[in-house]
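Report on the structure
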Amino acid sequence: MEKAVVSIIYCYRNRETERLRRSLDSLKNQNLINFEVIFIDFGSDPQIAKSTEDLIHEYPFCKYIYNDARGLPWNRSHALNTGIRFANCEYVFTADVDMIFTPNFTEVLAMLTHPEKAFFFCVNYLQPGFNKWEKLKEFEPKNKSESFALGLALIPKAALEKINSYDEFYCFWGMEDNDIEFRLRKSGLVTKFYEDVLMHHQWHSSVSDSNEWMPRGWRQFQQDYFEDNEDRLIRNETVNWGRIFKKDQRKVLLTKEKEFHLHFRANYVINKLNTLLYELESGSIINIVFSDRKSNIHTGSNLGKIKSIANKVMSKSKIPLQLETEYRSSYSTVFDVRDELMYFIYLKYYHIADYAFQIKGNEITLAIEKR
């Protein structure tokens, strides 16, 4: 094994292990083993985390780190930053569990490393149902990513540390990659897009536009933040970037004191939460349980069923319209409440030490620790 030149950082939560195994096998079969892998499990469920850790231990070049971010939204910036903190090499590569690497991948990385340059890489998207893994070396790339897709990057670690690394404001999905490229370039680094295909992307369904995946309007919210902060090269000034949450140390996951059950519409839930948080003492926990008691009445009605069928037809036909009934304003779903809660948490950022939320069926639970 050659001396490690690059720290390859994986960010992960609750994904299937076979997808991950294919990715790590492609690293095991590299022409040049000149890397280490820092594998950050960003709050997987305990049973999945255990099977993932067992798999990681099969690969001597991998280090598994569990960050107990359960109950927090997916935050790739935070997960990457944790890996960057643990990286032992002068260069980091921001990987993805969907990637299968060509055998010359790490050879090319070694050739490209430069203290004043960052490289962003294209991928070839595999089609749904692809299963000819043993013939992938012979596979001709047919669907390459565009230059605005900047998630896979080779970056000098020192350049990231200079600007406090990835901005942890960005969560759920998107924008952190474009943000880091912009800030690195503004700080004086040369950034380039490497167009030769060194990676194949294992197909999965897209979740970026689903309201079940992230709050309504969140992409636009992050875009506004990006544009508003173009002159700020250094970020994460008020947080310990890359912070590790250790198991059994987060009070919001352990305490069930002061539990309040609510079933109102989203705007009133926020009004109630604001009052309760104001009255809460520093270091104390408040628990909110919201139950959606009304939406099934309307969605299960004849009108609701007709609306659902019509929306499915329009979605399948890629018609950018969705119908709503006049009854929609009389109730809030768990996703309506989740949306309002996330914007509230960001609004009250300096008053909240930690939080955790979970959606299960028609119920949402939220625990907040006051700063």
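The structure under discussion appears in the preceding block.
About the criteria used
- Residues numbered from 1 in each chain as written.
- Predicted model: local features only at pLDDT ≥ 70, side-chain atom pairs only at ≥ 80, totals over all residues.
- Heavy atoms only, no water.
- Pairing = 2+ DSSP bridges.
- Helix = DSSP H or I, 4+ residues; strand = E, 2+ residues; numbered from the N terminus.
- Axes fitted to C-alpha atoms, helices over the stretch in contact; angles between N-to-C directions.
- Contact = heavy atoms within 4.5 Å.
- Salt bridge = Lys/Arg side-chain N within 4 Å of Asp/Glu carboxyl O.
- Buried < 20%, exposed > 50% of the residue type's maximum accessible area, 1.4 Å probe, protein only.
- Polar contact = N/O pair within 3.5 Å; in protein donor to acceptor, adjacent residues only side chain to side chain.
- Phe/Tyr/Trp six-rings, centres within 6.5 Å; stacked < 30°, edge-to-face > 60°.

On to the sheet that holds strand 11 (residues 259–262), then. The sheet built from 4 strands is open, its strands ordered 11-12-14-13 with mixed pairing. The strands lining the two open edges of the sheet, one partner per strand, are strand 11 and strand 13 (352–360). Pairs of neighbouring strands in the sheet enclose a mean axial angle of 15 degrees, with direction left out of account. Bridging between strand 12 (residues 285–291) and strand 14 (residues 363–370) involves 7 bridges; their strand directions are antiparallel. Each residue of the ladder has a partner; that of Val289, found in strand 14, is Thr365. The sheet contacts of helix 9 (residues 266–279) involve strand 11, strand 12, strand 13 and strand 14, and relative to strand 14 the element is tilted by about 25 degrees. In the packing of helix 12 (residues 334–347) onto the sheet, the strands contacted are strand 12, strand 13 and strand 14, and the crossing angle to strand 13 comes to about 170 degrees.

Another aspect to go through is the pattern of salt bridges. Here the structure, examined in full by the defined rule, presents 19 salt bridges. Linking Asp179 and Arg183 is a salt bridge whose minimum nitrogen-to-oxygen distance equals 2.9 Å. Here Arg183 and Asp179 lie together in helix 6 (residues 176–186), a separation of 4 residues that amounts to about one turn. The residue Arg235 makes a salt bridge to Asp179 at a minimum N-O spacing of 2.9 Å. Note that Arg235 is positioned in the loop between helix 7 (218–228) and helix 8 (251–254) and Asp179 in helix 6, a separation of 56 residues in sequence. Note on accessibility: Arg235 and Asp179 belong to one class, buried. Where salt bridges share partners, they join Arg15, Glu16, Arg19 and Asp98 into one cluster.

You can see Ser7 is positioned in strand 1 (residues 6–12). The sequence separation of Ser7 and Ser77 amounts to 70 residues, and the corresponding C-alpha distance is 16 Å. In contact with Ser7, other than residues within four places in its own chain, are Glu36, Ala87, Asn88, Cys89, Tyr91, Val92 and Phe93. A polar side-chain atom of Ser7 sits 2.5 Å from a polar atom in the side chain of Glu36.

Counted by the stated rule, this structure contains 26 aromatic pairs. A ring pair is formed by Phe42 and Trp74, whose centres lie 5.8 Å apart and whose planes are at 85 degrees; its orientation type is edge-to-face. With Phe42 in strand 2 (residues 35–42) and Trp74 in the loop between strand 3 (62–67) and helix 3 (76–86), this residue pair connects regions lying 32 residues apart in the sequence. Residue Phe42 is classed as buried on the basis of its relative accessible area of 1%. Trp74 gets classed as buried once you look at its relative accessible area, which sits at 17%. Measuring from ring centre to ring centre gives 5.2 Å for Phe169 and Tyr346, while their planes differ by 90 degrees; the resulting arrangement is edge-to-face. In this pair, Phe169 is assigned in the loop between helix 5 (157–162) and helix 6 and Tyr346 in helix 12, connecting sequence segments 177 residues apart. Overall, Phe169 belongs to the buried group, its relative accessible area being 15%. Taken together, the ring pairs connect Phe169, Tyr170, Phe172, Trp218, Phe221, Tyr225, Tyr343 and Tyr346 into an aromatic cluster.

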